[in-house]
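# A look at the structure
So the chains spell out like this:
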Amino acid sequence: MTTVKSAERHIICEVRGKTAHRARVEELLLELVGPARAEAGCLYYDLYQQSDKPDTFYIIDGWTSAEAVAEHAEHPNVTKVVEQLLPLLEVPLKVTTSNRVSDPD
């Protein structure tokens, strides 16, 4: 998919779960990956776990535009998972949005 890099949006979402709920937090976050990758406008969507703080996860994803990000945020799967996830978190979700400034290659 060809996009104009200045229109792309790249997201880092930090998710810090409560230790007692680590496995469930991971399970819920994994439920986001497949459906998000299938959404129109998704460039990539990956889940990471911090090596030295295993209760902390990062969703790192890229979208073709701000509109694609907005549509993703309203996707029924996202709203369902986030509703279940919020009570299991140590702190609120931290979402950082950025624009690509370098060439992808």
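In what follows, the structure referred to is the one given above.
Residues numbered from 1 in each chain as written. Predicted model: local features only at pLDDT ≥ 70, side-chain atom pairs only at ≥ 80, totals over all residues. Heavy atoms only, no water.

### Focus: the overall build of the protein
Formally: Per the convention used, a helix needs a DSSP run of H or I reaching at least four residues, while a strand needs a run of E reaching at least two, with both numbered from the N terminus. With the radius of gyration taken over C-alpha atoms, the globule rule is written as 2.2 Å times the number of residues to the power 0.38. When accessible area is computed with a 1.4 Å probe and restricted to protein chains, residues below 20% of their type maximum are described as buried, those above 50% as exposed, and intermediate ones as partly exposed. Any pair of residues with heavy atoms lying within 4.5 Å of one another is described as a contacting pair. Working definition of accessibility: Shrake-Rupley area with a 1.4 Å probe, residue cover restricted to the visible protein chains.
For the protein, the helix and strand inventory stands at three helices and four strands. In the protein, the order of α-helices and β-strands from amino to carboxyl end is β-α-β-β-α-α-β. Computed over its C-alpha atoms, the radius of gyration of the protein comes to 14 Å, within 12% of the 13 Å expected for a compact globule of 105 residues. Principal axes of the C-alpha set define a box for the protein whose edges measure 45 × 30 × 20 Å. Here the protein, with 105 residues, has 31% of them falling under the buried criterion. In the protein, of all internal contacts separated by at least 6 residues, the share reaching a separation of at least 24 is 69%. Looking at the protein as shown, the accessible area adds up to about 6300 Å², and 54% of this sits on carbon and sulfur atoms.

### Details of the environment of Ser51
Relative to the helices and strands, Ser51 is located in the loop between β2 (42-49) and β3 (56-63). A relative accessible area of 76% means that Ser51 is categorised as exposed. Taking the C-alpha atoms as reference points, Ser51 and Leu30, 21 residues apart in sequence, are found 17 Å from one another.

### Points about the nonpolar core
Which entries qualify depends on this criterion: As used in this record, nonpolar core signifies buried Ala, Val, Leu, Ile, Met, Phe, Trp, Tyr and Cys residues forming a set joined through side-chain atoms within 4.5 Å.
One finds Val15, Val25, Leu29, Leu32, Tyr45, Trp63 and Leu85 to be the most contacted residues of the largest nonpolar core, which totals 20 residues. Where this core is concerned, the elements lending two or more residues are β1 (9-16), α1 (22-38), β2, β3 and α3 (76-85). Broken down by element, this core gets its largest block of residues, six residues, from α1.

### Quick look at the side chain of His10
Applied cut-off: The definition of a polar contact used here is a pair of N or O atoms within 3.5 Å, where within protein one atom must be able to donate a hydrogen and the other to accept one, and adjacent residues in sequence count solely through side-chain atom pairs.
Structurally, His10 is set in strand β1. Exposure remark for His10: the relative accessible area of 8% places this residue in the buried category. A polar side-chain atom of His10 sits 2.6 Å from a polar atom in the side chain of Tyr44. The contacts of His10, once residues within four sequence positions are left out, are Leu43, Tyr44, Asp61, Gly62, Thr96, Thr97, Ser98, Asn99 and Arg100.

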